[in-house]
Amino acid sequence: MTLTLTEDQLMFRDAAKRFAAERAPVSQLRKLRDELDPVGFDRALWKEMAEMGWAGVLVPEEYGGVGFGFVGAGLLATEIGRNLSASPLLSSAVLGVTALLRGGTPAQKETLLPAIAGGDLLVAFATDEAVRHAPYDISTRCTGKYKLSGRKLHVLDGHVADRLIVTARTSGDTCSRDGISLFLVDPKASGVTITRSSMVDSRNSAVVELRDVVVSDADVIGTFDKGAIVLDAVLDAGRAVLAAELLGVAEEAFERTLNYLREREQFGVKIGSFQALQHRAAHLFCEIELVRSVVLRTLQALDAQEPTASSLVCLAKAKASDVARIATNEAVQMHGGIGMTDEFDIGFFMKRARAAAETFGDQYYHTDRFAQLAGY
Amino acid sequence: MTLTLTEDQLMFRDAAKRFAAERAPVSQLRKLRDELDPVGFDRALWKEMAEMGWAGVLVPEEYGGVGFGFVGAGLLATEIGRNLSASPLLSSAVLGVTALLRGGTPAQKETLLPAIAGGDLLVAFATDEAVRHAPYDISTRCTGKYKLSGRKLHVLDGHVADRLIVTARTSGDTCSRDGISLFLVDPKASGVTITRSSMVDSRNSAVVELRDVVVSDADVIGTFDKGAIVLDAVLDAGRAVLAAELLGVAEEAFERTLNYLREREQFGVKIGSFQALQHRAAHLFCEIELVRSVVLRTLQALDAQEPTASSLVCLAKAKASDVARIATNEAVQMHGGIGMTDEFDIGFFMKRARAAAETFGDQYYHTDRFAQLAGY
Amino acid sequence: MSAQPNSEEALEAFRRDTRAWLEANCPQEMREPVVDEYDICWGGRHFKFKSDAQRVWLQKMAERGWTVPEWPKQYGGGGLSKDEARVLREEMAAMKCRSPLTSFGISMLGPALLKFGNEQQKGEHLPRIARGEIRWCQGYSEPGAGSDLASLKTRADDHGDHFVVNGSKIWTSYGDKADWIFCLVRTSTTGKKQEGISFLLFDMETPGISTRPIRLISGYSPFTQTFFDNVKVPKQNLLGELNKGWTIAKYLLTHERNMIGGMGTQRVTPVSQLAIKHIGLASGRLAEPALRTDIARFEMDAMAFALTMNRVTDEAKAGNETGAMSSMLKYYGTELNKRRAELTMSVSGSEGLKFGDANSEEQLAAMWLRTKANSIEGGTSEIQLNIIAKNVLRLPGA
Amino acid sequence: MSAQPNSEEALEAFRRDTRAWLEANCPQEMREPVVDEYDICWGGRHFKFKSDAQRVWLQKMAERGWTVPEWPKQYGGGGLSKDEARVLREEMAAMKCRSPLTSFGISMLGPALLKFGNEQQKGEHLPRIARGEIRWCQGYSEPGAGSDLASLKTRADDHGDHFVVNGSKIWTSYGDKADWIFCLVRTSTTGKKQEGISFLLFDMETPGISTRPIRLISGYSPFTQTFFDNVKVPKQNLLGELNKGWTIAKYLLTHERNMIGGMGTQRVTPVSQLAIKHIGLASGRLAEPALRTDIARFEMDAMAFALTMNRVTDEAKAGNETGAMSSMLKYYGTELNKRRAELTMSVSGSEGLKFGDANSEEQLAAMWLRTKANSIEGGTSEIQLNIIAKNVLRLPGA
């Protein structure tokens, strides 16, 4: 497979680029934040995005999606990153759909996938329990057949989801990869409490508390006790798509900074003529080029279900998190005082870069995981 | 204690500065290297250094030394680093003397210390067995009462020493801190084979092989089986003095680079006017200032035998190793092609920085040890 | 007062007296850790004391001149020697006494007034600073000027016995809370831009002054933009000579740099401790090895920097030249502070991402965002590196 | 020859034929890994073949034009399409065939001759390069000029039907082993310095040429300084137009950059494997955690860089513009190569410090020192960053 986009992919990307820039730019996120919008994104807009194939980007055509795979999802995420577009793409269309595709029963798929692809149903994935990502550190209990009790942190779009997919420990010790199972949970079910958190990136995150929440056999996703296979797939999908989003964040922050460097004058010259800033910008350019290669290769590997895809996911998530951090920090520093004001947009990129990096493992987590997977 | 030098220390340093620059400059090391000198330093010069108090810098006056302590030894080492002066200061006057002061019997001290301080007797410390420093990774055996067998790497000045101090495992598992003992060994004893290695920094290092080498109770240094107490003290002394030497290496490489930046012209201007180089130089200046503070504080802490001195030693050795690496690499890069030629001296500093960093633990080793000592 | 070093015995006596006085006079409440920004006493005409204890503590300390221990007694200071002032700091630290007064009048304007002010100015302003009666703000930066401070455009026109000031300043810290401003203005447009600048002091209640708060990415609004519309300032409010204000400004910037750089050594919970809390230990080691490595690197550099602050202080005491170090401390200290905040966010994971309103307890993200200004305010990191390259390393100009 | 992409079947047939031919013609000895520098065949008048196999292998490949597979057949090339050339590379890699010929004639001068040479020059030089008969060296840098290549002073004076060259070049790779030199000379001193430079080809045996090897910090002497004392060069040896040599030089530098940058992806033992050997695993993890973290960071960046090399290649194949990437690849690749060498030294401890003579097996330190030149030769890292800033990022000039 070559590391270039096909004609179809280029067209899909270009349409997404126009749509995101016109309909879901940074100003929309600012408005949602300032108005303390109770949803956190525009439901009508998500319906439009669904019509463009966003909600069903991973969903096969037989279930009403467009089947553009992870490469397609990544292209959308990069444009989302460039515009900081608020949408449930990651939660519902990536995490939710991947869980159903990898572990869903035929009945679950037939009921849920078309509704998700149509933008009518939102799914949230509730797994993390520690403040720092530790995927198998799950102690949400499952008693009897079945009552779930536990507390899930950082559940993306949890407060507006129509369905939750919840990981729970059905056997084994806390932190063991064995003994994890996944369940579909109705957020309106008795015993579910969902509290939205106000986040630095103005995106949606919630705490989900479960107290003896009753679920049935029909709600199990994947093999009972062996849910980690699905969990891993969902997390890797989320990480890769987040890496693609972080690429967009880095690119946009960098381009805005370059424009500023070309225009802003100090000491009678354009500040972009200062060699120290030029060299930092040139180095950053190289780093972003590396992220571009890594993200595309990783998404291709996920689509092809290559056995070493997880190593690439580590590389992509670590590198994209780190480079987006550098790009947004350099952006604020090079913009100087104006970059520190809320009035100016650049700070939004730094906030999103940090939040996206923390979600499902940051550069530290994935650097160590990369070494582990390589056997050292 | 204030982080400044006393009048006495300033005088001692100034005398050392003059002597090293005049009598043991880089050109002398080059000559020793080019002539494949069998000793690796100038014995007559060491005798002169001894007269100036170098060989006895750590030796109390009652044993014929000058008792300037670790701060004094560090001042000498920094001047040695600035001039890349070849001498057995580290091996004999620091490692050897520290072992004897911390673990020697009165008889050992009376016999050996005055001879060392006078520059007439050289002691080498033979401990490392792994290529990367791992202080308790000792499997040199001690059978009966006593026959030593094993292989010691990177023994500084081993091929010219009049006495060896050898660590051996007298009980416990390999890598255990318990069960290590130290022995005085005559290099001419039966079963001792010493092979000099040709090193990148043109300084002295040897491999010492021991096969059933007979030693007696009178040769034990420190408490039998509890030698790690002395070993730790010797290693920390060596590390701190190496950090002081690395400070000198970094300072001198930096100053030579600044001079070059002020004089060399390219594109019709002095290259020191390029802002990218200015910022790198300014950052490096800050880092060297930090090393200066850390080295002085660490040497003071060793002199005062403060309980947290080991943490400071980690900090000093790690930071000095890393900053000397950056300073010498920047020096070669900023000198460009001329810096790559053997004819020019700057490469010698890069070589010494690397060798001194590797000796008794580099920045990686000591960063991790720092975290361990801090309980994380 | 006394320029001579104090004898050991005299110092010990001073220490005993100080300890006894603090014990007797520092309210218990003022020995508790600072919890929120209202615990910091800024003084000024409109300051609302959070508690009686806070008001009493300021009053008692001001009476002894100990809000500004080393200033001369005639100007409301304590007249202490350097050694005595150190003893006072040590005893206050041991007893965990809060600082009775925080103010730009003390940390910034005061030293400039002592050096450049005339008797009339010193007598008028210093005692009121010392007693916390007047809160000062700084009018330096201008919209669009940024790092190129000397290109400032706010002008003060000569109208005989007074100046008329027109223009605008930005990044005025607490401009909306201050009583007086010390302000750089252009009094000449001929010659080098640095040579037409003067240093004026004036009351923020003078007609024609208005302020507008600037909201930052952290959610805080500590700065204002300040507008001057035909503001009349009497000529006796000129500090130093006409058109020589740049000299005072540079002197003052050095003080500001030391203050901001010092933030690198603030006493906060070590990152490693927070990491242990959030991540836990496995076999005695912090369970995430790559993160642990960077935490160790940060804590080593922070310790090295703290030792360097100590060394610079000790060298200054020993009478050695250390002026060149101020840019270094500002640059390295603020970069360290940013590293600390980045790592604090990393170890706190999703918890650190929470971003409440200004009154919430969840302030990690706001603090993290706040640190980003450290390397911009008071001269950017780039400006500090330029200064080091030119003034310390004597590298040639571009 | 064929500019059209080959059909899948045609390529498969070519692959079968190629495999069979290689199997039949590549001596077994030429399928073993390269052990020392004498295993690399540079060709030239004075080259001493290490073995018959090496000589035979060069001869057989040259006969088919496969030392330069994509060059036209009329100039001694193989006339292969890009796809066929890729298949040849893949099959040689699969069979572990050594490269039959390494030369600056192939990698640097050849492309410039093909683009700028006249028929007579192409016909004279290209076939001899392809057969390994003439070894070329490059005369670019001059003592004292460094990165400011265009300020070169070696002059070629017009003497009617020939030039007379005087001056000196430095950093001439294997100048003492080369048969011919391609050389930048000054033919005009009016106008911009770039506009008075010409590109000459001449025989190193011409009277008036001498060379002096330069010993490097690594102990190797791969470069010479080369001196020209009234060297007569016929005018037909001018490549391209008079005073237009700078265009050719820049074209060639791009090729050199790609070559040096590519070293970042050399197949060598991964640092992590060497680390496991020297340090060992504890509970499945490399026993030194801080070092492990930096090894992982390096290996991740190396993988990201290799993927970027692939992407740039794929984009070039797809006809997308990638010229701007050459400085990036040179800069990042050489910096990575230096990082690799630093880590290799770190994991090797005292073993890595050994520094024998050039014939010894202990070459880690020499290789480490050698990499330091990577970011200097072929345009320093600083020059590459300048190029990226100006040509790619379109940042304003100073």
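Computed from a prediction, not measured in an experiment: that's the story for all the values here. (Residues numbered from 1 in each chain as written. Chains lettered and ligands numbered in written order. Predicted model: local features only at pLDDT ≥ 70, side-chain atom pairs only at ≥ 80, totals over all residues. Heavy atoms only, no water.)

Looking only at helices and strands, chain A features 11 helices and 10 strands. For 376 residues, the compact-globule estimate of 2.2 N^0.38 gives 21 Å, and chain A sits close to it at 21 Å. Seen through its principal axes, chain A has C-alpha atoms that stretch 75 × 50 × 40 Å. In chain A, 73% of the contacts between residues at least 6 apart in sequence involve partners at least 24 apart. For chain A, the computed accessible surface area is about 12,600 Å², with 50% contributed by carbon and sulfur atoms. Across chain A, the mean location of the 41 positive side-chain charges is 3 Å away from that of the 49 negative side-chain charges. (Helix = DSSP H or I, 4+ residues; strand = E, 2+ residues; numbered from the N terminus. Rg over C-alpha atoms; globule rule 2.2 N^0.38 Å. Contact = heavy atoms within 4.5 Å. Areas by Shrake-Rupley, 256 points an atom, 1.4 Å probe, with all protein chains shown as cover. Lys, Arg positive; Asp, Glu negative; His and termini not counted. Charge placed at Lys NZ, Arg CZ, Asp CG, Glu CD.)

The next point concerns the interface of chain C and chain A. If you look at the interface, chain C gives 44 residues, while chain A gives 41 residues. The junction of chain C with chain A conceals about 3,500 Å² of combined surface from both sides, 59% of it contributed by carbon and sulfur atoms. Its largest share of buried area at the contact with chain A, chain C owes to I217, L353 and I376 of chain C, together 19% of the area lost on that side. The interface formed by chain C and chain A holds 4 salt bridges in total. For R280 of chain A, the salt bridge identified is with E382 of chain C, shortest N-O distance 2.8 Å. Summed over the shared surface of chain C and chain A, the number is 17 residue pairs in polar contact (both at pLDDT 80 or more). Of all elements in the fold, only β6 (209–214), α7 (271–279), α8 (289–317), α9 (325–352), α10 (364–371) and α11 (381–392) of chain C reach the threshold of two or more residues within the side of chain C that touches chain A. Broken down by class, the residue content of the side of chain C that touches chain A amounts to 20 nonpolar, 11 polar and 13 charged. (Buried area = accessible area lost by both parts, 1.4 Å probe. Salt bridge = Lys/Arg side-chain N within 4 Å of Asp/Glu carboxyl O. Polar contact = N/O pair within 3.5 Å; in protein donor to acceptor, adjacent residues only side chain to side chain. Nonpolar A, V, L, I, M, F, W, Y, C, P; charged D, E, K, R; others polar.)

Next up on the list: the UniProt feature "domain: Acyl-CoA dehydrogenase/oxidase C-terminal" (unreviewed entry) in chain A. Within this numbering scheme, the UniProt entry marks residues 226–367 of chain A as carrying the feature "domain: Acyl-CoA dehydrogenase/oxidase C-terminal" (unreviewed entry). Summarising residues 226–367 of chain A: 77% helix, 3% strand, and an end-to-end C-alpha distance of 26 Å. (UniProt positions renumbered as here; feature names shortened; annotations may be inferred.)

Right, let's get into the packing of helix α7 (residues 271–279) of chain D against helix α8 (residues 289–317) of chain D. All names here are of chain D. As a packed pair, α7 and α8 sit with axes 10 Å apart at the nearest point and diverge in direction by 160 degrees. As summarised for this structure, α7 and α8 are arranged roughly antiparallel, according to the angle between their axes. Like other packed secondary-structure pairs, α7 and α8 cross with a definite hand, here left-handed. Across from V271, S272, A275 and I279 in α7, the residues of α8 making contact are L291, I295, F298 and E299. (Axes fitted to C-alpha atoms, helices over the stretch in contact; angles between N-to-C directions. Parallel < 35°, antiparallel > 145°, perpendicular 65-115°, else oblique. Left-handed = near helix turned anticlockwise from the far one by under 90°.)

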